Amino acid sequence: MGMDYSKIDRWILAEDSFDPVHLGKCEAVMSLGNGYLGLRSATEEKYLGETRNLLINGTFDLFDSSEVTELPNAADVTAMELWIDGERFSLDQGGYAGYSRELNIHTGELTRQVEWTSPGGSRVGLSFRRMVSLKRLHDIAMEVTVICLDRPVTVKLRSGIDARVTNTGTQHFTEGEKRFYEKKYIQLLETTLQSDITFVLNAVHRFALNGVPLELETDVNIDRRVIYADYTVELKPGDAFTAEKYANVSTTRDLDCAGLSVPQLQARTLEALKASADLGYQALAEESAAQWRLEVWEKAPIEISGDKNSRMDLFALRFAQYHMRLMLPRHDNRMNIGAKGLSGEGYKGHCFWDTEIFLLPYYMFTDPEAARKLEEYRYLSLPGAHKKAQDNGYQGAMFPWESAWLDDGETCPLYMGTDILTGTPIKVWSGIIEQHITADVAFGAWQYATIAGDQDFLERYGYELIMDTATFWASRLEPGEDGRYHINDVVGPDEYHEHVNDNAFTNYMACWNLNKAIAYHDHLKTADPALFQRLDEKLSLSQVYPKWVDGAARLYLPQPTAEGILPMDDRFMDGEEIDLSKYKNQEFVAGIMKDYNLDQIQRLQVCKQADCLVLFYLLEDQFPPEVKRASWAYYEARTVHDSSLSLSTHSVQAADMGELEMAYDLFRRASMIDLGPYMGTSDAGIHAASFGGVWQCVIYGFGGVRMLNGKLRIQPNLPCGWDRLDFTLMWKGQRLRVSAAKDSLTVENLTKTAPVFVTLNGVETEL
Ligand code: IFM
C-alpha cells in the first residue's frame, strides 16, 4: 500500500498496484461494515487464494462438537464477473494500466479503477464502487462501470448470490429457498446447522448506458447453493455501461426482525431492497457518509499537527477509528467485538479481554452509549460465566477467555498451531487457565460506569457483575503454607508462560476485584438498602462477603525485587536468557515458535506480550515510578511483541515515563500492525485490540488522559514532531474539548450542564 501523503490527507488508503499473491491484506484492511455486518473487500472478479467473507455479528454456529462455535461465512453478494468479448476479466491475464484501489475512511466507500486489455486485445476502462451503509444496517451497494475504449465490445455480466462459501472448509448452512421475483429480484435463504438461524439475502441490478437507464434481458440461473443472472450488452467506442447491484442481508436473530416468521422476513427484506434500489447508489452513499460524519468524525474528532510524519500518525489514528466503528455492534447488546472485528475468520468472531482493556477506553470516552452495550453483553452472558465456574469447581461468575453467544460459556478451542518438536497440535490452555479475564470484565464495568457517570448501569448490572466476579475469585484462591492465598496454575497476559503461579497481573487484578466488591457492598448497605437486599437475595452476600474480605486481605501480591522489577510470576526471572534480536524485528509474529516449542519457551526469559506492564496503567497509583521504569526496561528487552496488544502498552508506559522518543517509536510500530508493509499479517483479519491500543497511545500516552480512582487527569506529553493535539472526551455526560500544545493545555466543557473536576498538569481544576 502506498503512503501517498496527498491521499492520506484526504483520508484515503490506496493500493496502487495489484498483487494476486497478497490478496488477504487489502481484503482485510479495506473491509467495509457497520457493526451489524462486516464485508471483506474481495474483488468483484475472483482469484485463487481470495477469502470472501460476509460476517453477521452474533450469528454464531457450532458445526460439530469437535469444533468451537464461530461466525458463519454468509453467502457472497459481491462477485460481479465480467467477460469482455468472451474473455473473463481478471488482472492475472491480459494487461492493465492505471490501477488504483482506494478506501475512503471518511465516507466508508471503496473504489477501484483500472484500464484492462483482454488477451485478445479489447481495451476497456473499468471502475468499481462499493459501500456498506452505516445508516441501513442490512444494506450493501455496488456499482461497476465499463467504458469501451477502442473497438466495439460485447460485455457479459454474471452476478447473483453465491452460498458456495465456507469457513475455511466448514459449511455452516443448510441450503434454503432460492428464487427470482419478477425475473429481477434475487433471493436466497440459508439456515445455520446448529443455531438454526435463517439468513435471507436479496439482490437486484439496475443498468444504464451513457447515463440513460437500460433494461437488459435477464438470463436466470439457479444451481446448487447459487442463484445468478447473466446480462449482455454491446458497447461502441466511448460508451459507458453501468451496472448497479443492491443487496441486503437479514437474519432471524436480528433484533429489528424479532417476531417475524421467515416468509414475513422474506417479504419485508424484499421491500427494503426495492426502497434502497429506488434511492440509487449515489443517494445511499451520501446518506451513509453523512452517518459516518455524525456518528464518528463529529463525535470523536481528533487533530494532530506537526511535521510530515504527524500526517501519517493522524491518518493511522483515523484508520483505527474507522475500523473501531466497523466492528462495533451499536445496534445490539447481545453481541460484542471479535478479536478480528468482522474483517476475517480469525479467532472465529470471539471476543476476549481485548474488549475491556484495549477497546473499551475509546468507546467510553467517545461513545458511552455504545460502551454500555458492550458491558451489558457481559452481564447478559453471566449464564455462561456461571456455567464455566461450576464446570471448574468454582463459585460466582468465571468469564470465558473466549466468548461468543450469551450462554455458550467457554469457546476457546482446545488445540491450535503445531508443536515443532512433537509435530502434534498445541494445546491451548487459555480457555482453561487464562483467568484474569474475569477481573478484566469487572474492571471494564467499573471503568465504564465511572467515566460515563452511569449510576443506572451500576444498579442494573455493574454492582452485580463486580460482586459475582469477586465471588469467583474468593472461591479460586488457594491457601499456601505461608498463610497467604495464592493463585496457582494460570496463564497471565503473556501467553508464552503457562501454568505459572502468582502471575502479578492476575493477582493484582483479582485483588482489585475483591476490594471493589467490598467497597460497593459497604456503600450499598447503608446508601441503598433496597438494592442491597435485592443483591443479597441473588448473590448470598452474607455468605460471600466474609470470603471477599478474607481473600483481599490475604491474597499474595508479588513485590518488586531490590532492583525495582515486579516479578511477573513465580518463575520467569529464573528462566534462561537468550539473544532475542532475531525475533524482535521479524516480519511475521511467533518466529520463535519455529525454533522452540512452548515447553522450551516456558523456561526462557522471553515474553510474547506486555504482562505486568498493563497493570502499571490500569492500577497506576499502586506502583511507584521507579518500579514502572525498572520493570519496563527489564521486560521490554525480553518481549518479542508477538501479540498485537503489546506495542501500544509499551508506548503508553514509555510516554508516562517521559520517554517520548521511545513512546513515539513504539506508537508508530503499533500503528503499522495492519497498515504497514508486512503483507501476510492481516490475512485472517485486522487486529481489533491494536486499534484501541493506537488510540490509547495517542490519548492516554501523548494526551496524558487517565481515569484514576474515579478522577479525570490530563497531562499531555507531546512527541517531538507534534505541535498540537486536539480531541474531545466524554466525561460523566459532559463533552470536553482538549487542546494540547507543547507549552499549553486548554480544556473546555462544551456541554456545560454540570461542573467537571479534572486534574490538569497536576492542578485540580473545576471547569
Ligand atoms: O487476547 C489476545 C491475547 O492477549 C493474545 N493473543 C490474541 C488474543 C486475541 O487478540
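Our structure's up above, just so we're on the same page.
A brief structural summary. The shown structure was predicted, so the numbers you read here are calculated from the model rather than taken from an experiment.

This part takes up the overall build of the protein chain. The helix and strand tally for the protein chain stands at 21 helices and 30 strands. Relative to its length of 767 residues, the protein chain is compact, with a C-alpha radius of gyration of 27 Å against a globular reference of 27 Å. Each principal axis of the C-alpha atoms in the protein chain carries an extent, and together these give about 85 × 65 × 55 Å. Within the span of the protein chain, comprising 767 residues, buried residues form 63% of the whole. Here the protein chain displays about 27600 Å² of accessible surface, and carbon together with sulfur accounts for 50% of that area. For the protein chain, the separation between the mean place of its 75 positive charges and that of its 111 negative charges on side chains is 3 Å.

Turning our attention to the nonpolar core. Core analysis: the largest hydrophobic core is formed by 218 residues, its most contacted members being Val-146, Trp-353, Tyr-363, Trp-548 and Leu-615. The leading source of residues in this core is helix α12 (residues 504-527), at 12 residues. In this structure, Val-146 is in contact with Leu-82, Ile-84, Val-124, Gly-125, Leu-126, Val-155, Leu-235, Asp-239, Ala-240 and Phe-241, ignoring residues within four places of it in sequence. The next biggest cluster of nonpolar side chains, apart from the first, holds 12 residues, and it includes Leu-270, Ala-277, Tyr-281 and Ala-285.

Looking now at the pairing of strand β17 (residues 226-235). With respect to burial, β17 is a largely interior element, eight of its 10 residues being buried. In this structure, strand β16 (residues 219-223) lies alongside β17, joined through five bridges in antiparallel fashion. Bridge pairing in β17 places Asp-219 opposite Asp-230. The turn joining β16 and β17, which pair antiparallel and follow one another in sequence, is formed by two residues; a positive phi near 60° is taken by Arg-225.

Another point: the packing of helix α6 (residues 354-366) against helix α21 (residues 688-702). Two numbers describe how α6 lies on α21: the axes approach to 8 Å, and their chain directions differ by 55°. With respect to α21, the element α6 is oriented oblique. The interaxial crossing formed by α6 with α21 has left-handed handedness. Residues Asp-354, Ile-357, Phe-358, Leu-359, Pro-361, Tyr-362, Met-364 and Phe-365 of α6 touch α21, and the partners they reach there are Ala-688, Ala-689, Gly-692, Gly-693, Trp-695, Gln-696 and Tyr-700. Counted by class, the contact of α6 with α21 contains 11 nonpolar, three polar and one charged residues.

Attention now goes to the sheet that holds strand β4 (residues 54-56). Taken together, the three strands give an open sheet; going across it, the order is β2-β3-β4, and neighbouring strands pair in antiparallel fashion. Looking along the sheet, the strands with just one partner apiece sit at the ends: β2 (32-33) and β4. Pairing of strand β3 (residues 37-39) with β4, which is carried by three bridges, proceeds in the antiparallel orientation. Residue pairing for β4: Leu-39 is matched across the bridge by Leu-54.

Among all positions of helix α8 (residues 382-391), only Leu-382, Gly-384, Ala-385, Lys-388 and Ala-389 are buried. The buried side chains of α8 occupy one side of the element, clustering within an arc of 160° when seen end-on. Exposed and facing more than 90 degrees away from the buried side of α8 are Gln-390 and Asp-391. In this fold, the buried residues of α8 make contact with α7 (368-380), α9 (430-433) and α11 (455-476). Immediately beyond the C-terminal end of α8, within one or two residues, lies Gly-393, with a positive phi of roughly 80°.

What follows is about the sheet that holds strand β24 (residues 705-708). Taken in spatial order, the four strands make up an open sheet running β24-β25-β29-β30, and their pairing is mixed. Pairing within the sheet leaves two strands with one partner each, and these edge strands are β24 and β30 (763-766). Strand after strand, the sheet turns through a mean of 30° between neighbouring axes, direction not considered.

Following the criterion strictly, the structure yields zero disulfides and no others. Free of any disulfide, Cys-612 has its nearest cysteine sulfur in Cys-607, 7.8 Å distant. The exposure class assigned to Cys-612 is buried, which follows from its relative accessible area of 1%. Looking at Cys-720, it has no disulfide partner, and the nearest cysteine sulfur is the one in Cys-697, 17 Å off. Residue classification places Cys-720 among the exposed residues on the basis of a relative accessible area of 74%.

Inspection of every chain in the model, using the stated rule, returns 45 aromatic pairs. Taking NZ or CZ as reference, Arg-554 lies 4.4 Å from the ring centre of Tyr-485, over its face.

Taken together, the residues surrounding the ligand are Ala-339, Tyr-347, Phe-352, Trp-353, Asp-354, Trp-401, Glu-495, Lys-608, Gln-609, Ser-643 and Leu-645. Take Trp-353: an N or O atom from its side chain is 2.9 Å from an oxygen atom of the ligand. Asp-354 has a polar side-chain atom sitting 2.5 Å from an oxygen atom of the ligand. When the free accessible area of the ligand is taken as 280 Å², the share hidden by the protein chains comes to 93%. Split by residue class, the shell around the ligand holds six nonpolar, two polar and three charged.

For the coordinates displayed, the defined rule picks out 52 salt bridges. Among the salt bridges present, the one from Lys-348 reaches Glu-70, with a minimum N-O distance of 3.9 Å. Taken together, the positions of Lys-348 in the loop between α5 (308-326) and α6 and Glu-70 in the loop between β4 and β5 (80-84) put the pair 278 residues apart, joining distant regions of the chain. Residue Glu-659 is joined to Arg-629 by a salt bridge in which the shortest nitrogen-to-oxygen separation is 2.8 Å. Placement of the pair is Glu-659 in the loop between α19 (646-656) and α20 (660-675) and Arg-629 in helix α18 (residues 625-636), with a sequence separation of 30 residues. In this structure Glu-659 comes out as partly exposed when scored by relative accessible area, which is 33%.

Once that is clear, we can look at the side chain of Thr-191. Secondary-structure assignment places Thr-191 in strand β13 (residues 185-192). Classification of Thr-191 by relative accessible area gives buried; the value is 16%. Here the side chain of Thr-191 touches Thr-198 through a polar contact of 2.9 Å, side chain to side chain. With residues near it in sequence (within four places) discarded, Thr-191 still touches His-172, Phe-173, Thr-174, Asp-196, Ile-197 and Thr-198.

Contact geometry of helix α10 (residues 437-452) with α12 gives a least axis separation of 9 Å together with a crossing angle of 45°. Here α12 runs oblique to α10, going by the angle between their axes. Between α10 and α12 lies a crossing of left-handed hand. For the pair formed by α10 and α12, the contact residues are Thr-438, Ala-439, Asp-440, Ala-442, Phe-443 and Trp-446 on the first element and Phe-505, Met-509, Ala-510, Trp-512, Asn-513, Lys-516 and Tyr-520 on the second.

Parameters at a glance
Residues numbered from 1 in each chain as written. Predicted model: local features only at pLDDT ≥ 70, side-chain atom pairs only at ≥ 80, totals over all residues. Heavy atoms only, no water. Helix = DSSP H or I, 4+ residues; strand = E, 2+ residues; numbered from the N terminus. Rg over C-alpha atoms; globule rule 2.2 N^0.38 Å. Buried < 20%, exposed > 50% of the residue type's maximum accessible area, 1.4 Å probe, protein only. Areas by Shrake-Rupley, 256 points an atom, 1.4 Å probe, with all protein chains shown as cover. Lys, Arg positive; Asp, Glu negative; His and termini not counted. Charge placed at Lys NZ, Arg CZ, Asp CG, Glu CD. Core = buried A, V, L, I, M, F, W, Y, C linked by side-chain atoms within 4.5 Å. Contact = heavy atoms within 4.5 Å. Pairing = 2+ DSSP bridges. Axes fitted to C-alpha atoms, helices over the stretch in contact; angles between N-to-C directions. Parallel < 35°, antiparallel > 145°, perpendicular 65-115°, else oblique. Left-handed = near helix turned anticlockwise from the far one by under 90°. Nonpolar A, V, L, I, M, F, W, Y, C, P; charged D, E, K, R; others polar. Arc of directions from axis to C-beta. Disulfide = S-S within 2.5 Å. Phe/Tyr/Trp six-rings, centres within 6.5 Å; stacked < 30°, edge-to-face > 60°. Lys NZ or Arg CZ within 6 Å of the ring centre and 35° of its normal. Near = heavy atom within 4 Å. Polar contact = N/O pair within 3.5 Å; in protein donor to acceptor, adjacent residues only side chain to side chain. Salt bridge = Lys/Arg side-chain N within 4 Å of Asp/Glu carboxyl O.

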